[in-house]
Amino acid sequence: MTYRFMLNKTFVSLAISIFFALLCCFTFSSLTRAGGPQVWEINSRAELLKGEARGVSITDTGALVLAPGFSSVFDTRETYVWSSATDANGNVYLGTGHDGRIFRVPSNGQGSLLYDAPELDVTALVVGRDGAVYAGTSPDGKVYRIAADGRAEVYFDPADKYIWSLAVMPDGALAVGTGDTGKLYLARAAGANPQTSLLFDTDETHVISLAVDARGNLIAGTDPGGLVLRVGVDGKAFALFDAPLREIHALAPAADGSVYALALSDASAAASRQPTASTPTSSSGTTSGAGGTTTSGGVTTDDASGQAGSLAGAQPTPARSRNELAAARTAVFRILPDGATDVLWSSSTVTGFAVAPAPQGGVLVGTNDKGRIYAVTDDGRDTLLVQATEGQVSSFALRGRDVFAATSNEGKLFRLSAEPTGEGVYESPVRDAKFVAAWGRIRWRGSASGVELQTRAGNTERPDRTWSEWSAARIESGNGATAKSAQVSSPRARFIQWRAVLRRAVNGRGGATESVASSAPRVEDVSIAYLPRNVAPEVTSVTTLPAGIALQSIMQMQNDPNILASGLDPALFGGGGTIQTPPRRIFQKGAVSILWQAEDANGDDLEYTVYYRSLNEETFHSLKEGLRDNFYTVDGAALADGRYAFKIIASDRAQNPQSLALTGERTSEFVEIDNTPPVVRNAGEAQRTDNRVRVAITVEDATGTVRGADVSVDGGEWRGVFPEDGIADSGTETYKLDLPLAAGGGEHTVSLRAFDASGNVGSVRIAVRR
């Protein structure tokens, strides 16, 4: 029974040790990915959004298609366009900052200055039922009525500092939303008394946005409470929604009675109300619709470059839910007629500034992310519709099915067409191969016609005049579902980029383009194969442990050999080469253990060879070859006493052809190997006096130094003793000891054991008689 219990206990202990060793593998270990040829793949919307899209849309499924026509209509020469409106005659009005100017842009695009307000910013515009333009200004805001000939009068002048929003009610009355007091007025005539015109005091700081829904209800958005209110003409308010973000920046009623509300976080809201500097374009952003997380901006790199990867990097990154608003900068909500609310879109880095109902359904969102406009369906699927040339889209204006977008940084007006553009260009992010690389083939899937793929390469992080020209266009016909490929003709370099040119089909009758769904150009799943220059591995350090410490391998997590045989990357299965865990340290007499650190910038798996030589030799001798571990224990007994240096050579031959394999090496400092114990001698007769004895003992070590000694009297406890000079630090030490003896006569024994620096032990036993 005892034997069985001990066996079971041993088994359990071993199982626990293995479990924690495996746990450490996944928690603390590095993963090495095989080097050799690499494939840069852009097969997701997240990767595509890192590039530049001009006249190209990026769908929620990660395909490139021609974008709707997006043409520049008018340049205000101002920095900001804060507000916009349209009238029945086809004019678009733009309110700008910081010069407080209002421009009128007719359908022919020949815009002109309509009115120059004395205030800094025109923060709200609306066209009244009488055809006049009503403009709200800030700070020290007023509402102006501006006639078609540009003559203006103060229409409404409350004491509030800001006029943030305006809306025209079905009966022609003008709703005015203000700040810093968060009041809502209803002005029915010029010069109306603000006190008698007060419709509702929201108890908020600002009424940022106003709109009139399909039923004629006045909808107001506030700050900092993030409330969406429905306010009747009797001044009674009902809260439709209390957003988790602080500011309802824009409202857009839809034809079905629902309302789209764009909300901003604290940081975004503060920036939107204090536009004293140019709003930066996001270089790295994430947005979340039903399709998950997407990013934009930056140079992509080969994550496998260098020796270590990350287990987390080998696993799919969890997509950020659009309903996760704790860190959101912006969110778009849809408030349904029955009062229910859905989150359609949100972003933790991109700030939205404008919303408008999309003609085809859903909502348009204008952002500060490179002036991008996203089309979001009512079930949350978002498409990058178009990308403006300016920093941000700050306002939308609708005229029937026509959509106009006003931008800031610089202040311009664009028209969004229902028809796709004739030609669009998408430029991928730049790929950093880490080293000069030879390029293989570029592959893609797409339509049978209307697509050209080109590449260029260079040795600077950002493309400039030193880069190669775009390669000759690669046009191939065939089945659109079949992957196409072509040899990359760009020169060897460290960085590479590709672009896709999409063109509408030509009908052959006069060269006019026509939209044919079956031949609409489309590109997806683009990849480029390349081989980076092989770089020699580097042994960065070699360390020797104190004598007597041996290193014992712990069971390693190995890759399934079937995966390796299939040619698939083990990282896809949560692995990536052999996972190294720290070895176990055990005692072994005379052992000398060597540990080293090595890395390979190409990510190649490394093999090691250990060499040695003595102090008086010039040639190294092979000790062990083909090691995959980064440690080795030398049996000191196999080498004569002396000083030795160890050289570690790392090779990447396991991942490269013999002609391309490279090595790196490093040599340790000299290490003492001493297998001879110290000699311990009695240096004279023991002198006994009553119950004490004096002894003199000499310790000599021919190879190393004496490090210490213990003494025991009559087999008792061992106690440390010091040599005569007080410090054990030389090859010869003398110990003169005055020791107590037990009371009574008879024989006594004094034992002394001495240790050298290598852990060898020598001893002597002295008999003490009267």
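Above this note sits the structure.
### A closer look at the sheet that holds strand β5 (residues 68–78)
Taken in spatial order, the four strands line up as β5-β35-β34-β33 in an open sheet, and their pairing is antiparallel. Every interior strand has two partners, whereas the edge strands, β5 and β33 (392–399), have only one. Taking the axes of each pair of neighbouring strands and ignoring which way they run, one obtains an average angle of 25° across the sheet. Relative to strand β35 (residues 411–420), β5 runs antiparallel, the two sharing seven bridges. Among the inter-strand pairings, F70 is bridged to a residue of β35, identified as L416.

### Some points on the environment of V126
Within the secondary structure, V126 sits in strand β10 (residues 121–127). Under the relative-accessibility criterion, V126 is labelled buried at 13%. Separated by 40 residues in sequence, V126 and T86 have C-alpha atoms that sit 7.8 Å apart. In this view, V126 contacts A85, A132, V133, Y134, L166, A167, V168 and L174; residues no more than four positions away in its chain are not counted.

### Brief notes about the environment of T137
Structurally, T137 can be placed in strand β11 (residues 133–138). A relative accessible area of 1% places T137 in the buried class. Between the C-alpha atoms of T137 and I163, which are 26 residues apart in sequence, the distance is 5.7 Å. Within polar-contact distance, the side chain of T137 engages the side chain of E119 at 2.9 Å.

### Points about the side chain of S490
Tracing the chain through its elements places S490 in the loop between β39 (484–487) and β40 (493–503). Residue classification places S490 among the buried residues on the basis of a relative accessible area of 8%. Excluding its chain neighbours within four sequence positions, the residues that come into contact with S490 are W439, T455, R456, A457, S468 and S471.

Conventions and cut-offs
- Per-chain numbering applies: the sequence of each chain, read as written, is numbered from 1 onward.
- Only residues with pLDDT of at least 70 get local features here, since the model is predicted, and only at 80 or more are side-chain atom pairs given and counted; chain-wide, interface and lining totals rely on the full set of residues.
- Hydrogens and waters are ignored; side-chain quantities use all the structure's heavy atoms.
- Pairs of strands are assigned from DSSP output, requiring at least two bridges between the strands.
- Per the convention used, a helix needs a DSSP run of H or I reaching at least four residues, while a strand needs a run of E reaching at least two, with both numbered from the N terminus.
- Fitted lines through C-alpha atoms serve as axes, helices being fitted only where they are in contact, and the angles separating the N-to-C directions of these axes extend from 0 to 180 degrees.
- Burial classes: relative accessible area under 20% of the type maximum marks a residue as buried, over 50% as exposed, and values in between as partly exposed (1.4 Å probe, protein chains only).
- Note on definitions: a residue-residue contact is assigned when non-hydrogen atoms from the two residues lie within 4.5 Å.
- Between N or O atoms, a polar contact is any pair within 3.5 Å; within protein, one atom must be a potential hydrogen donor and the other a potential acceptor, and residues adjacent in sequence are included only when both atoms are from side chains.

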